[in-house]
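This is what each chain is made of:
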Amino acid sequence: DQQVKQNSPSLSVQEGRISILNCDYTNSMFDYFLWYKKYPAEGPTFLISISSIKDKNEDGRFTVFLNKSAKHLSLHIVPSQPGDSAVYFCAASAFSGNQFYFGTGTSLTVIP
Amino acid sequence: KAGVTQTPRYLIKTRGQQVTLSCSPISGHRSVSWYQQTPGQGLQFLFEYFSETQRNKGNFPGRFSGRQFSNSRSEMNVSTLELGDSALYLCASSRLTGTSGTDTQYFGPGTRLTVL
């Protein structure tokens, strides 16, 4: 039972444009969300988080939006750079416990 | 501050053998979680340890076990290896200070296990 879903396995974007990565979840108890970036043969690198008390969080070029009623979150990267090419994972947890559920990832390719 | 370290980075075993993987968390982090990553499956949660106690457990068979030491270092063990256990095993630590709650997890580079 996949509680966190990333329905787009891959995404290609031109350099300088916006990249939008999407994530859906089914468990209404989830209230803390993370985005990670992963290169091959490396561990995931933490990018940005958001808790359910917010609907938006920004960190430089990265912004995460949370729509609790739709159980949907998205990561916006503006402007996209070739170095952003990687697999992006979203993860969700209920505040009561430190168990994270991960999506299957979206492979982003930024074309120079 | 040093990141999460995992040893060994690569391991080749044969079916039926057992294996032990090691993880050293970020200094001061008391929570350690383990994940299995296989192609197309994303990251599957194995278990989480906090203050030497297993706090959460994923849906894996009993062949997968772990422990945490008083210095927060953790090991996971897989017995009677199967071909399907070939995967990247990732360890993550977080700086939880209490027995409940959640916090950002920081990952190590992983151990690539190949079972022949």
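The rules behind these values
Residues numbered from 1 in each chain as written. Chains lettered and ligands numbered in written order. Predicted model: local features only at pLDDT ≥ 70, side-chain atom pairs only at ≥ 80, totals over all residues. Heavy atoms only, no water. Contact = heavy atoms within 4.5 Å. Buried area = accessible area lost by both parts, 1.4 Å probe. Salt bridge = Lys/Arg side-chain N within 4 Å of Asp/Glu carboxyl O. Polar contact = N/O pair within 3.5 Å; in protein donor to acceptor, adjacent residues only side chain to side chain. Helix = DSSP H or I, 4+ residues; strand = E, 2+ residues; numbered from the N terminus. Nonpolar A, V, L, I, M, F, W, Y, C, P; charged D, E, K, R; others polar. Buried < 20%, exposed > 50% of the residue type's maximum accessible area, 1.4 Å probe, protein only. Phe/Tyr/Trp six-rings, centres within 6.5 Å; stacked < 30°, edge-to-face > 60°.

Asker: Would you mind going over the interface of chain B and chain A in detail, with residue names and values included?
Answerer: Contacts between the two partners involve 28 residues from chain B, matched on the other side by 22 residues from chain A. Approximately 1,800 Å² of surface area, both sides summed, lies buried where chain B meets chain A, with 54% of it carried by carbon and sulfur atoms. The largest per-residue losses of area from chain B upon contact with chain A belong to Leu43, Thr102 and Thr104 of chain B, which jointly make up 30% of the total buried on that side. At the surface where chain B touches chain A, the tally comes to zero salt bridges. Viewed at the interface, chain A and chain B are joined by two residue pairs in polar contact (both at pLDDT 80 or more). Taken together, the elements giving at least two residues each to the side of chain B that touches chain A come down to strand 4 (31-38), strand 5 (42-50), strand 6 (53-57), strand 9 (87-94) and strand 10 (106-107) of chain B. A class-by-class count of the residues in the side of chain B that touches chain A yields nine nonpolar, 14 polar and five charged.

Asker: I'd like a description of the side chain of Gln6 of chain A, backed by residues and values.
Answerer: All names here are of chain A. Following the sequence through the fold, Gln6 ends up in the loop between strand 1 (4-5) and strand 2 (10-14). By relative accessible area, which is 5% here, Gln6 ends up buried. A polar atom in the side chain of Gln6 sits 2.9 Å from the backbone oxygen of Tyr88. Separated by 3.2 Å, the side chain of Gln6 and the backbone nitrogen of Cys90 make a polar contact.

Asker: So, the pattern of salt bridges: which residues are in play, and what are the values?
Answerer: All names here are of chain B. This model, assessed by the stated rule, comprises seven salt bridges over all chains. Measuring nitrogen to oxygen at the nearest pair gives 2.8 Å for the salt bridge that ties Arg63 to Asp85. Here the residue Arg63 occupies a position in the loop between strand 6 and strand 7 (64-68), and Asp85 occupies one in the loop between strand 8 (74-78) and strand 9, the gap between them amounting to 22 residues. In this structure, Arg63 and Asp85 share a single accessibility class: buried. With a closest N to O distance of 3.4 Å, Glu75 and Arg73 form a salt bridge. Glu75 sits in the buried class, given a relative accessible area of 16%.

Asker: How would you sum up the packing of aromatic side chains? Please name residues and give values.
Answerer: For the coordinates displayed, the defined rule picks out 14 aromatic pairs over all chains. Geometrically, the ring pair formed by Phe47 of chain B and Tyr49 of chain B is edge-to-face, given 5.7 Å between the ring centres and 70 degrees between the ring planes. Judged by centre distance (5.2 Å) and plane angle (65 degrees), the ring pair of Phe60 of chain B and Phe64 of chain B falls under edge-to-face. Comparing Phe60 of chain B with Phe64 of chain B shows no difference in burial state: the two are buried. Through successive ring pairs, a cluster of aromatic residues spans Tyr36, Phe46 and Phe102 of chain A together with Tyr35, Phe45, Tyr106 and Phe107 of chain B.

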